[in-house]
Amino acid sequence: MLVSDASLSAVRVDSPAGIRAAAEALRDTVRELAGLRVAVTHNIAAAEPMKDAEGAILASEVFGFTGEDSRWWRFPQLALTSPLPMACRFESEPFWCNAEGIRTHTPNALLAELNLANFRERALTSAAIVAPIHLPFGQIAAASFLSPDPAVDDLSRPYEEAGETLALLARVFVASYVKVTERRPARIAHVTLSKREVECLRWAAAGKTNDEIAMIVGLKRTTIRFHIRAAAQKLDAVNRDQALFKAAQLGFLSTLR
């Protein structure tokens, strides 16, 4: 199923003031295309729900999750217990799932290992089409498309007919939402690490201590510590672990420079 440029433009957020209109466009377009509801989060690991410029929570104010039993966005621990966000950690393409299993266009052995016991209670739905959205810095977002009838447990038809289109709409909405609400310092875009800093970080990522890295590269332990601290400062990282994470996400650890 093709989606028009106008539909994509409507769900793209160009400023904080445009968040609500884009969310409403996503809701309406998904309903028109597939007759489904939308549950979306910009970060499966964060407790903070998506909001419009006035601070209204989109899940309830736009997407209609208002009942006490449907306020999934009030329970951030779902990212640790629900099979839906867990599957998003191992998959990048849209999939649909119910208590019987997780279906993708391309087989994924990791998904087959996930525990789907008590699916309805843990996922808060009988079935869902899910679009994982992998963003910069390791952030994982997700959009779930659900039947208005909570008893429906087979979404194979809308998945086949519109799954890719729904995923594209959600990706455009979420990625643009994250950009306009970004709080990371702009200087991260201009970070450049030296070859020695990258070398030290790569050995640290391999589990080596400062003493071990010093022996490997032929420098003093204090020099290794200096390079790692310098890299952490450039990456706006508060500790060694965060420096390694940010360096990896920015691609500094993939090859030596």
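Provided above is the structure to which this section pertains.
Position numbers for residues start from 1 in each chain and track the written sequence from start to end. At least 70 in pLDDT is required for a residue's local features to be given in this predicted model, at least 80 for side-chain atom pairs to be given and counted, and no such filter applies to totals for whole chains, interfaces and linings, which use all residues. The side-chain values count all of the structure's non-hydrogen atoms but skip hydrogen atoms and water molecules.

Novice: In this structure, what is going on with the overall build of the protein? I would like to understand it.
Specialist: Summing up its helical and strand segments, the protein has 12 helices and five strands in all. Seen through its principal axes, the protein has C-alpha atoms that stretch 65 × 40 × 35 Å. Within the protein, buried positions represent 47% of all 257 residues. Whether two residues are in contact is decided by their heavy atoms: any pair within 4.5 Å suffices. If you take every contact in the protein between residues at least 6 apart in sequence, the share linking residues at least 24 apart comes to 66%. Here the Shrake-Rupley method, with its probe set to 1.4 Å, supplies the accessible areas, and only the displayed protein chains count as covering residues. About 13,600 Å² of surface is accessible on the protein, with carbon and sulfur atoms providing 51% of the total. The positive count covers Lys and Arg only, the negative count covers Asp and Glu only, and His and the chain ends enter neither. Lys charges are placed at NZ, Arg charges at CZ, Asp charges at CG and Glu charges at CD. Of the charged side chains in the protein, 30 are positive and 29 negative, and the gap between their average positions amounts to 12 Å. Secondary structure elements follow DSSP: runs of H or I no shorter than four residues count as helices, runs of E no shorter than two count as strands, and numbering proceeds from the N terminus. When a residue's accessible area, from a 1.4 Å probe over protein chains only, is under 20% of the maximum for its type it is buried; when over 50% it is exposed; and in between it is partly exposed.

Novice: What is the right way to read unusual backbone geometry from this model?
Specialist: Negative phi characterises most residues that are not glycine, and trans characterises most peptide bonds. Residue N118 is not a glycine yet carries a positive backbone phi of 55 degrees. The residue N118 is located in the loop between α6 (109–112) and α7 (119–123) in this model. With a relative accessible area of 55%, N118 lands in the exposed category. Although it is not a glycine, L124 sits at a positive phi angle of roughly 60 degrees. Assessed through its relative accessible area of 33%, L124 is described here as partly exposed.

Novice: How should I be thinking about the nonpolar core in this particular structure?
Specialist: Considering soluble globular proteins, one finds that nonpolar side chains tend to be buried as a cluster. Take the buried Ala, Val, Leu, Ile, Met, Phe, Trp, Tyr and Cys residues and link them wherever side-chain atoms come within 4.5 Å; each set so joined is a nonpolar core. Among the nonpolar cores identified, the biggest contains 56 residues, and F63, F145 and F173 are the most heavily contacted of them. Apart from the residues lying within four places of it in its own chain, the contact partners of F63 are A23, L26, R27, R37, V38, V40 and L58. If you look at the next biggest cluster of nonpolar residues, it comprises 20 residues, including C200, I213, I224 and A232.

Novice: Can you help me understand the pairing of strand β1 (residues 37–41) in this one?
Specialist: A regular strand carries its side chains on alternate faces of the sheet. Burial within β1 is extensive, with four of its five residues counted as buried. At least two DSSP bridges between two strands are needed for those strands to be called paired. The pairing of β1 with strand β5 (residues 140–146) spans five bridges and is classified as antiparallel. In the strand pairing of β5, R37 is matched with L146.

Novice: Hey, could you run me through the pattern of salt bridges in this one?
Specialist: Here the idea is simple: oppositely charged side chains can pair when their charged atoms come close. Throughout this description, the term salt bridge denotes a Lys or Arg side-chain nitrogen within 4 Å of a carboxyl oxygen of Asp or Glu. Evaluation of the coordinates by the stated rule reveals nine salt bridges. Linking R196 and E199 is a salt bridge whose minimum nitrogen-to-oxygen distance equals 2.7 Å. Highlighted residues: R196 and E199, both in helix α9 (residues 195–205), separated by three residues, approximately one helical turn. Among the ionic pairs, D211 bridges to R221, the shortest N-O distance being 3.1 Å. One end of the pair, D211, is in helix α10 (residues 210–217); the other, R221, is in helix α11 (residues 221–234), with 10 residues separating them in the sequence. Through salt bridges with shared partners, a single network forms among R20, E24 and D52.

Novice: Would you mind going over the environment of D153 with me for this structure?
Specialist: Mapped onto the secondary structure, D153 falls in the loop between β5 and α8 (156–180). Judged by its relative accessible area of 44%, D153 is partly exposed. The sequence separation of D153 and A127 amounts to 26 residues, and the corresponding C-alpha distance is 4.7 Å. Setting aside residues up to four positions removed in sequence, D153 forms contacts with W96, N98, S126 and A127.

Novice: What's the story with the side chain of K246 in this structure? I'm lost.
Specialist: With respect to the helices, strands and loops of the structure, K246 is situated in helix α12 (residues 240–249). At 4.3 Å, D236 is the nearest oppositely charged side chain to K246, a buried residue that forms no salt bridge.

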